[in-house]
Amino acid sequence: MADDLVLDIAIRNWVLVPLSVVMVLIGVLRYFVSKLIRTSQNPDTKAIKEGQAVIRARNLRSAAHLIPSKSFRSRRIYFTNEETGLLYVPKEEAQKAQAQMFQDPNMAMDMMKKNLSMIIPQTLTFAWVNFFFSGFVAAKIPFPLTPRFRAMLQNGIDLSTVDVSYVSSRSWYFLNLFGLRGFFSLILGEENATDDAQRMMQMSGGGFGFDPSKSLGAEKDSLDIIQHEWALPKMEHRAQDVLKNLAKKL
């Protein structure tokens, strides 16, 4: 039965294309509305320093094999020392920072505005799609898929005999909702307010912002457990092996 399905051109003109255009326009509109309601906040110098310390520690971990062991140990102590290390955060300061984060009314209000700018448009759009376009087979993916994708691609269609590669109109809405991130980053820039997948993860995590103690502590633990091995002493042996293999081939 799946091979006999022929999608009507009218479905493309009156379901697929309008739904895609509306999703793009809503994303662009939300971007400009978010810019209008966004409150200007002074940058926190302490948070900036902590973020830069985490970046520097990550760079040290990624390039640890390029420096000698003595140099790596001295840098690791500079970051992870229990008294003066850049990544060390006392428990009192961590609890104080979390309390200030939850007590800041501007941060809570800004988070509420961002969540409302996501929830209200998407709720109205889903109600519009569910009322006008429910039950349509809107598109077909040009590659085969396993039956596990049926629940994701055929939401609103209760036919198990339809091939999995066919996409319903309701599923097309969800694919556009979570799949337009790259397109919005291209036309609006990387720092756009239309990343619904990331916003939903932030809402499910229950956080009101950046928790420096967790990030600094995680990076400190990563530096403590890393096993350093300098790559330079092995370079000569690798070069000799490469030259020997080339000489044998010649």
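Here the structure is a predicted model, which is why all the values come from computation and not from measurement.

Helices and strands together make up the secondary structure of the chain, namely 11 helices and two strands. Counting over 250 residues, the chain shows a buried share of 30%. Considering only contacts within the chain whose residues lie at least 6 apart along the sequence, 73% involve residues at least 24 apart. For the chain, the exposed surface amounts to about 17100 Å²; the carbon and sulfur share of it is 61%.

As recorded in UniProt, the sites labelled "transmembrane region" (unreviewed entry) are residues 14-33 and 116-139. Here residues 14-33 runs as 100% helix and 0% strand, with 28 Å between its end C-alpha atoms. The distance from the first to the last C-alpha atom of residues 116-139 is 31 Å, and the span holds 71% helix and 12% strand.

Our focus in this paragraph is helix 2 (residues 45-62). Here helix 2 contains 18 residues, and its C-alpha end-to-end distance of 26 Å stays within 8% of the 26 Å for a straight helix at 1.5 Å per residue. Residues of helix 2 that are buried: E50, A53, V54, A57 and L60. Here the buried residues of helix 2 occupy an arc of 120° about the axis, which is enough to place them on one side. Set apart from the buried face of helix 2 by more than 90 degrees, the exposed residues are T45 and S62.

All right, on to the packing of helix 2 against helix 3 (residues 69-80) then. It is the contact of helix 2 with helix 3, at a shortest axis distance of 11 Å, that shows an interaxial angle of 155°. In this view, helix 2 runs roughly antiparallel relative to helix 3, as classed from their interaxial angle. Two packed elements cross with a definite hand, and for helix 2 against helix 3 that hand is left-handed. Contacts between helix 2 and helix 3 involve A53, R56, A57 and L60 on the former and, on the latter, F72, R75, R76, Y78 and F79. Classifying every residue of the contact of helix 2 with helix 3 by side-chain character gives six nonpolar, no polar and three charged.

This brings us to the nonpolar core. Grouped together as the largest cluster of nonpolar side chains are 15 residues, with contacts concentrated most on V15, M23, V129 and Y173. Contributions of two or more residues to this core are made by helix 1 (9-37), strand 1 (137-140), helix 7 (169-179) and helix 8 (181-188). Excluding residues that lie within four positions of it along the chain, V15 makes contacts with A10, F133, F136, A138 and S169. Judged by nonpolar contacts, the second largest core, of 11 residues, contains A64, F72, F79 and L87.

By the element assignment, S165 lies in the loop between helix 6 (150-153) and strand 2 (166-168). On the basis of relative accessible area, S165 is assigned to the buried category, the value being 1%. Reaching out from S165, the side chain makes a polar contact with the side chain of D163 at a distance of 2.4 Å. What S165 contacts, discounting residues up to four positions off in sequence, is A139, K140, I141 and F143.

In the structure shown here, the tally under the stated rule is four salt bridges. The partner of K220 in a salt bridge is D224, with the nearest N and O atoms 3.3 Å apart. With a gap of four residues between them, K220 and D224 both fall in helix 10 (residues 212-225), about one helical turn apart. Look at the salt bridges and you will find they share partners, linking R58, R61 and E219 into a network.

This paragraph deals with the confidence of the model for the chain. For the chain, per-residue confidence averages 79 on the pLDDT scale, and residues scoring 70 or more make up 80% of the total. Highest mean pLDDT in the chain belongs to helix 3 (92); lowest belongs to helix 9 (residues 196-205) (48). Taken together, the stretch residues 200-209 has pLDDT below 50 and engages in 13 contacts with residues farther than four places along the chain or on a different chain.

What counts as what
- Residues numbered from 1 in each chain as written.
- Predicted model: local features only at pLDDT ≥ 70, side-chain atom pairs only at ≥ 80, totals over all residues.
- Heavy atoms only, no water.
- Helix = DSSP H or I, 4+ residues; strand = E, 2+ residues; numbered from the N terminus.
- Buried < 20%, exposed > 50% of the residue type's maximum accessible area, 1.4 Å probe, protein only.
- Contact = heavy atoms within 4.5 Å.
- Areas by Shrake-Rupley, 256 points an atom, 1.4 Å probe, with all protein chains shown as cover.
- UniProt positions renumbered as here; feature names shortened; annotations may be inferred.
- Expected span 1.5 Å × (residues − 1).
- Arc of directions from axis to C-beta.
- Axes fitted to C-alpha atoms, helices over the stretch in contact; angles between N-to-C directions.
- Parallel < 35°, antiparallel > 145°, perpendicular 65-115°, else oblique.
- Left-handed = near helix turned anticlockwise from the far one by under 90°.
- Nonpolar A, V, L, I, M, F, W, Y, C, P; charged D, E, K, R; others polar.
- Core = buried A, V, L, I, M, F, W, Y, C linked by side-chain atoms within 4.5 Å.
- Polar contact = N/O pair within 3.5 Å; in protein donor to acceptor, adjacent residues only side chain to side chain.
- Salt bridge = Lys/Arg side-chain N within 4 Å of Asp/Glu carboxyl O.
- pLDDT = per-residue confidence, 0-100.

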